[in-house]
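Examination of the molecular architecture
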Amino acid sequence: MEHPPIIQIEHLTKSFPMGKASFTALTGISLNFGKGEFAGFIGPSGSGKTTLLNIIGSLDVPTSGEVLVLGNSIGGLTARQAARLRKENLGFIFQSYNLLAVHTVFENVEFPLLLLNYAASERRRMVMDALEWVGLTDKIKSKPPQLSGGECQRVAIARAMVKKPSLVLADEPTANLDAANSHNILQTMVKLNRELNTTFLFATHDDKVIGYLRRKVYLLDGKIDKDEVFPN
Amino acid sequence: MIGFLFKGLIRDKSRSRLPIIVVAIGVMLSVFMHAYITGLMVDMIELTARFSSGHLKIMTRAYADNADQIPNDLAILDADGLMQRLKKDFPEIDWAARIRFGGLVDVPDSAGETRAQGPAMGLGLDLLSKDTHETDRLNLRKSLVRGRLPGSRGEALLSENFSRKLKVNPGDQVTLIGSTMNGGMAIYNFTVSGTVRFGTTALDRGTLIADIGDVQHALDMPAAAGEIDGYFTEGFYDDDEATAYLGRFNDRYSAGGDEFSPVMLRLSDQEGMKMYIFLAERMGGIVTLVFMIAMSLVLWNAGLLGGLRRYGEIGVRLAIGEEKGHIYRTMIYESVMIGMAGTVVGTIIGLSFAWLLQTYGLDIGAFTKGSSAAVMMPDVIRARITLADYYIGFIPGVISTVIGTALSGIGIYRRNTAQLFKELET
């Protein structure tokens, strides 16, 4: 492993109650991810990739095992500590963009900075930087319904990246995009990964995304099937 | 952050316009109903006080025990002397001696034979003294339909309906046939100076109003009066104040064993009035509480629907790192803003409707026709805008909105983050 680990997963198991029984989504997962990795969980629906991403993102907790993200044990975090971890260190990119429809592009990207209490002038500079990374400085006053799908996802990337997080989690980020837009988005993320040394973790079964990954963790029925690392 | 929230609130019409309309409607109804009920209750109480019960009433103990029979044989004999002492001991109260009586009004033709007759409820008031307030208290000038007010002894007013029924015009002579306080027959001639209409069925049916001096003369009641009514100079009844006066008067003037000694009653001691006073004093609170509960339920549901619609937004905010408590608080801040805006709009509209009802009134004469209740019901209902109407809407408007949001917000708050996140993706 060429990067120091920022995510350490040991014997992770996750079960969900289903009536009187329970459904095990993840079994015995042990993985490490270092800083600056561009990796993804690959597998069919139900393989457990989104559940794993949610646990790494402190949106869910392990049933057993240990998950350390940036030194924080996910299972032991209070709701407030988990929120703080997400606020300060994690960025999320969703399949369906999930932008705030009534707010402008600028305001959507600015929102994470408001939670971090940056001064107005600092916020403006950081938002403009983030929009420049994704090539949307001419759309700052537009609202999401006025943008194309590709533009919306670029806004979502700017929102995830504006606070320069250590880790970005992207769940099927190209699922709603055509091929051209998908490549455009992925190239932007590769560029940000290289320039800012941000770790990107994907949950995907899209070949276009898989093609860009430098580490591919294949999941099948909640277990690791393969873990492949490719040179830069 | 507040600016961010405010922008979202203004731009998202379903988060602002619809809840504001709901709050405004509720507040408008609260304000209007409060003004309407206050007007109705106060009108009923004050109308009854002015014409019948007084805010305070002094009678002999025996008269008080049989007041519904108007037993003038049990009247206060030295009413003039008692009036002098009352004016000295209770100068802050406006005192008025009155005689109620019943009788037959006979209208003669040119030959002196009976042309028409009708039963009358008579009221002897001080109409001719220089310092009398009875004319204003009973609003006689404004109630005049034809003719003028009595200007000298021997003149009387008839209710307009009664005069029409008897075919009597101002200037005509009528004869009152009744009984003296000693049980003898009383016959007394009045010249009708004018006719009045009070807008109250109980009074307009068959009333004769004359100066108390004439009535004392007619009924052989020199210096006597059936009752002495007291009125607070502020114009409105106050039960606490009345209780204090009652204690002072009865301690000083009333002797328990003497049935002819005077006794003071409060307006609330008189038939049917206690409940009305109770309702009038608490109606504002009752109306506010009812609307607050109703609006809380409506806004709770509106909040739930809004919350469901905002699952996506809430999920994103959680994912970005906003704490659940912070999201919950921002929802409460939003609800305060919506509550305030809706309340201002609702109060303005509610006051406008109340002002219309206060100014123009609503004629419900058709429904009160034939009414003979002890409490007088005005034929024209008017709202009464009080200071409370300017702020009372804020209680249901803001509190209900906050309660509604708080209740609906708990549902979202209790869902775990992963669940919200999952719903975000669907």
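Every chain is numbered independently, its residues counted from 1 as its sequence is written. Naming scheme: in the order in which they are written, chains are lettered from A and ligands are numbered from 1. Two thresholds apply to this predicted model, a pLDDT of at least 70 for residue-level local features and 80 or more for giving and counting side-chain atom pairs, whereas whole-chain, interface and lining totals are computed over all residues. The basis for every side-chain value is the complete set of non-hydrogen atoms in the structure, without hydrogens or water.

**Notes on the side chain of A:Arg215**
All names here are of chain A. Quick reminder of the rule: Secondary structure elements follow DSSP: runs of H or I of four or more residues count as helices, runs of E of two or more count as strands, with numbering from the N terminus. To sort residues, take the accessible area from a 1.4 Å probe on protein chains only and compare it with the maximum for the residue type: under 20% means buried, over 50% means exposed, and anything in between is partly exposed. Pairs of N or O atoms within 3.5 Å make up the polar contacts considered here, provided that, within protein, one atom can donate a hydrogen while the other can accept it, and that residues adjacent in sequence are counted only when both atoms are side-chain atoms.
Relative to the elements of secondary structure, Arg215 occurs in strand S9 (residues 215-220). Arg215 sits in the buried class, given a relative accessible area of 6%. Reaching out from Arg215, the side chain makes a polar contact with the side chain of Asp227 at a distance of 2.8 Å.

**Comments concerning the domain arrangement of chain B**
Heads up, the condition is: Domain ranges listed in this record stem from an automatic or a database domain assignment.
Considered domain by domain, chain B is made up of domain 1 (2-47 + 275-424) and domain 2 (56-236). Summarising the inter-unit geometry, the C-alpha centres of domain 1 of chain B and domain 2 of chain B are found 49 Å apart.

**Considerations on the packing of aromatic side chains**
How we decide: Geometry of aromatic contacts follows a simple scheme: Phe, Tyr and Trp rings, the Trp one being its six-membered ring, pair when their centres are within 6.5 Å, and the pair is stacked under 30 degrees between planes, edge-to-face over 60, tilted otherwise. Remark: a charge is flagged as sitting over a ring if the NZ atom of Lys or the CZ atom of Arg is within 6 Å of the ring centre and within 35 degrees of the ring normal.
Applying the stated criterion to the full structure yields 16 aromatic pairs over all chains. Seen in terms of ring centroids, A:Phe200 and A:Phe202 are 6.2 Å apart; in terms of plane orientation they differ by 20 degrees. Their pairing is stacked. A:Phe202 gets classed as buried once you look at its relative accessible area, which sits at 0%. Taken together, the ring pairs in this structure connect B:Phe90, B:Trp95, B:Phe232, B:Tyr237, B:Tyr245, B:Phe249 and B:Tyr253 into an aromatic cluster. A cation over a ring is seen here: A:Arg215 above A:Phe33, with NZ or CZ 4.3 Å from the ring centre.

**What about the sheet that holds strand S5 (residues 72-73) of chain A?**
All names here are of chain A. The condition that has to hold: In this description, strands pair whenever DSSP reports at least two bridges between them. Note on definitions: a residue-residue contact is assigned when non-hydrogen atoms from the two residues lie within 4.5 Å. Angles here are taken between N-to-C directions and fall from 0 to 180 degrees, while the axes themselves are lines fitted to C-alpha atoms, restricted in helices to the stretch in contact.
With antiparallel pairing, the four strands of this open sheet are ordered in space as S2-S1-S4-S5. The open sheet is flanked by strand S2 (21-34) and S5, the only strands paired with a single partner. Strand direction decides the pairing type here: strand S4 (residues 64-69) and S5, joined by two bridges, are antiparallel. Within S5, the residue paired with Leu68 across the bridge is Ser73. Lying over the sheet, helix H1 (residues 49-56) contacts strand S1 (5-18), S2 and S4, oriented at roughly 120 degrees with respect to S1.

**Examining the pairing of S2(A)**
Residue and element names in this part refer to chain A. Bridging between S1 and S2 involves ten bridges; their strand directions are antiparallel. Bridge pairing in S2 links Gln8 to Asn32. The loop that links S1 with its antiparallel partner S2 comprises two residues; one of these, Gly19, has a positive phi angle of about 65 degrees.

**So, the packing of helix H3 (residues 105-115) of chain A against helix H5 (residues 149-161) of chain A**
In a pair of packed helices, the angle between the axes and the distance between the axes together describe the arrangement. Residues and elements named next belong to chain A. Spelled out, the test is: Here is the rule for angles: anything less than 35 degrees is roughly parallel, anything more than 145 is roughly antiparallel, 65 through 115 is roughly perpendicular, and the remaining ranges are oblique. Crossing handedness is defined as follows: a turn of the near helix away from the far one that is anticlockwise and smaller than a right angle gives a left-handed crossing, while the clockwise case is right-handed. By the convention adopted, Pro, Cys, Tyr, Trp, Phe, Met, Ile, Leu, Val and Ala count as nonpolar, Lys, Arg, Asp and Glu as charged, and the other residues, Gly among them, as polar.
Where H3 contacts H5, the two axes come as close as 7 Å, and the packing angle between them is 30 degrees. Between H3 and H5, the angle falls in the class roughly parallel. In this structure, H3 crosses over H5, and the sense of that crossing is right-handed. Across the interface between the two elements, Val105, Asn108, Val109 and Pro112 of H3 pack against Val155, Ala158 and Arg159 of H5. Residues that form the contact of H3 with H5 fall into these classes: five nonpolar, one polar and one charged.

**Re the sheet that holds S9(A)**
Residues and elements named next belong to chain A. Read from one edge of the open sheet, six strands run S6-S7-S8-S3-S9-S10, paired in mixed fashion. Each of the sheet's edge strands pairs with one partner strand only, and the pair in question is strand S6 (90-93) and strand S10 (223-229). Between one strand axis and the next, the sheet turns by 15 degrees as a mean value, whatever way the strands run. The pairing of strand S3 (residues 38-42) with S9 spans four bridges and is parallel. Counted as the bridge partner of Ile42 is Tyr218 from S9. Relative to S6, H5 is tilted by about 170 degrees, and along the sheet it contacts S6, strand S7 (167-171) and strand S8 (199-204). Relative to the sheet, helix H6 (residues 179-196) contacts S3, S6 and S8, its axis offset from that of S8 by approximately 150 degrees.

**Details of the packing of helix H12 (residues 311-320) of chain B against helix H13 (residues 324-360) of chain B**
Residues and elements named next belong to chain B. Relative to each other, H12 and H13 sit at 140 degrees, their axes nearing to 10 Å. Between H12 and H13, the crossing angle belongs to the class labelled oblique. At the point where H12 passes H13, the crossing takes the right-handed sense. Residue-level inspection shows Ile314, Arg317 and Leu318 of H12 in contact with H13, the latter providing Lys324, Ile327, Thr330 and Met331. Residue composition of the contact of H12 with H13, grouped by class: four nonpolar, one polar and two charged.

**Structural notes on unusual backbone geometry**
Residue and element names in this part refer to chain A. One non-glycine residue with positive phi stands out, namely His11, at about 50 degrees. The backbone of Glu172 sits at a positive phi, close to 45 degrees, despite the residue not being glycine. Looking at where Glu172 falls in the secondary structure, it is placed in the loop between S7 and H6.

**Considering the environment of A:Glu122**
All names here are of chain A. Inspection of the secondary structure puts Glu122 in helix H4 (residues 120-133). Relative accessible area serves as the criterion here: at 29%, Glu122 is assigned to the partly exposed category. At a separation of 2.9 Å, a polar atom in the side chain of Glu122 contacts the side chain of Arg125.

**Section: helix H4 (residues 79-89) of chain B**
Within H4(B), burial applies to B:Ala79, B:Gly81, B:Leu82, B:Met83, B:Leu86 and B:Asp89. Contacts made by the buried residues of H4(B) are with strand S1 (56-60), strand S2 (93-108), strand S9 (227-232), helix H10 (239-253) and strand S10 (262-266) of chain B.

**Some points on the interface of chain B and chain A**
For the record, the criterion: The term buried area refers to how much accessible surface (probe radius 1.4 Å) is lost by two components on association, counted for both of them together. Here a salt bridge means any side-chain nitrogen of Lys or Arg lying within 4 Å of a carboxyl oxygen belonging to Asp or Glu.
With 23 residues of chain B in contact, the opposing surface of chain A contributes 25 residues. Here chain B meets chain A over a buried area of about 2,300 Å², counting both sides, of which 65% is carbon and sulfur. At the junction of chain B with chain A, the criterion picks out three salt bridges. Between B:Lys7 and A:Glu107 there is a salt bridge; the shortest N-O distance is 3.2 Å. In this structure, the connection of chain B to chain A is made through six residue pairs in polar contact (both at pLDDT 80 or more). Listed by contribution, the elements that provide at least two residues to the side of chain B that touches chain A are helix H1 (2-11), H12 and helix H17 (417-424) of chain B. Ranked by the residues each element gives to the side of chain B that touches chain A, the list is headed by H12(B), at six residues.

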